[in-house]
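Each chain, letter by letter, is given below.
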Amino acid sequence: VEVMGFRPENVLVVRNARKGDFDTYFGTSNNHKGKLFNYVKPGQSDVFVFYSGHGAPGLNDKEGYFVPIECDPNNVELGGYSLNLFYKNLAKVPARSKTVVIDACFSGAELLRNVSPIGIRIRPASNNDENTIVLTSSEGTQLSTWYNAKQHGLFTYFFLKAIHERERADANQDKQLTYKEIFDYVTSEVTY
């Protein structure tokens, strides 16, 4: 609201999301018109989706899934929300622009019991929507980590720092912070 200029009544917040929350906001495989779809003014709205939480790979289909709080990660194909479905349904939202920021890894590390996630290679989710920018904390089998001292994910902390302290992330100092500049700033801070 303060930094990005969104009106408070247009901000939808879900904490400790359940599977039903994902379905309600982003739609299902049978109906893509979730709550987000209905909030958007076609061609006028700018959508910003931020997710911080767990992801896990499907043990059978090798796809990435968001892990709702009641989901057993070992059965994420049943209780999780498919990353591919998320991008497919988001592509149908008729917004002017869409930005997705995900602070989660989909490796399954620390979530899967009796399984070595190192051997699981997920199929990359497809985002074929030219109106969508996606920034993620990790890809493939990479891990996302926490910045315990700041009580945030490491990626989230530096992403927020970039948009709050724009002058630091604005590499060319033109007072226009681009996603490329945010990406470069966050990458320089969190890559080790």
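Before reading further, recall that the structure is shown in the block above.
Owing to the predicted nature of the structure, the values given are computational and were not obtained by experimental measurement. (Residues numbered from 1 in each chain as written. Predicted model: local features only at pLDDT ≥ 70, side-chain atom pairs only at ≥ 80, totals over all residues. Heavy atoms only, no water.)

A.B. asks: Would you take a moment to explain the nonpolar core for this structure?
C.D. replies: Phe26, Leu36, Phe66, Phe86, Val93 and Ile102 are the most contacted members of the largest nonpolar core, which has 23 residues in total. Breaking this core down by element, the ones donating at least two residues are helix H1 (19–26), helix H2 (35–39), strand E1 (46–52), helix H4 (83–91) and strand E5 (97–103). Per-element accounting of this core gives the leading share, five residues, to H4. For Phe86, the contacting residues outside a window of four places in its chain are Phe26, Val49, Phe66, Tyr81 and Val100. (Core = buried A, V, L, I, M, F, W, Y, C linked by side-chain atoms within 4.5 Å. Buried < 20%, exposed > 50% of the residue type's maximum accessible area, 1.4 Å probe, protein only. Helix = DSSP H or I, 4+ residues; strand = E, 2+ residues; numbered from the N terminus. Contact = heavy atoms within 4.5 Å.)

A.B. asks: Where do I start with the pairing of E1 in this structure?
C.D. replies: A regular strand carries its side chains on alternate faces of the sheet. Going residue by residue along E1, you find Val47, Val49 and Tyr51 tucked away on one face and Asp46, Phe48, Phe50 and Ser52 left uncovered on the opposite face. Bridge count for E1 against E5 is seven bridges, and the pairing is parallel. Across the sheet, the residue bridging to Phe48 is Thr99, located in E5. (Pairing = 2+ DSSP bridges.)

A.B. asks: Can you walk me through the environment of Val134 in this structure?
C.D. replies: Structurally, Val134 is set in strand E6 (residues 132–136). For Val134, a relative accessible area of 29% translates into the label partly exposed.

A.B. asks: Explanation requested: helix H7 (residues 179–190) in the structure shown.
C.D. replies: The α-helix winds at 3.6 residues per turn, so residues separated by three or four positions along the chain end up facing the same way. The terminal C-alpha atoms of H7, which comprises twelve residues, lie 16 Å apart, in line with the 16 Å expected from a rise of 1.5 Å per residue. Inspection of H7 places Glu181, Ile182, Tyr185, Val186 and Val190 among the buried residues, and these make up the whole buried set. The arc that holds the buried residues of H7, viewed along the axis, is 145°, so those residues lie on one side. Within H7, the exposed residues directed more than 90 degrees away from the buried face are Lys180 and Ser188. Where H7 is buried, its residues meet E6, helix H5 (154–164) and helix H6 (166–169). (Expected span 1.5 Å × (residues − 1). Arc of directions from axis to C-beta.)

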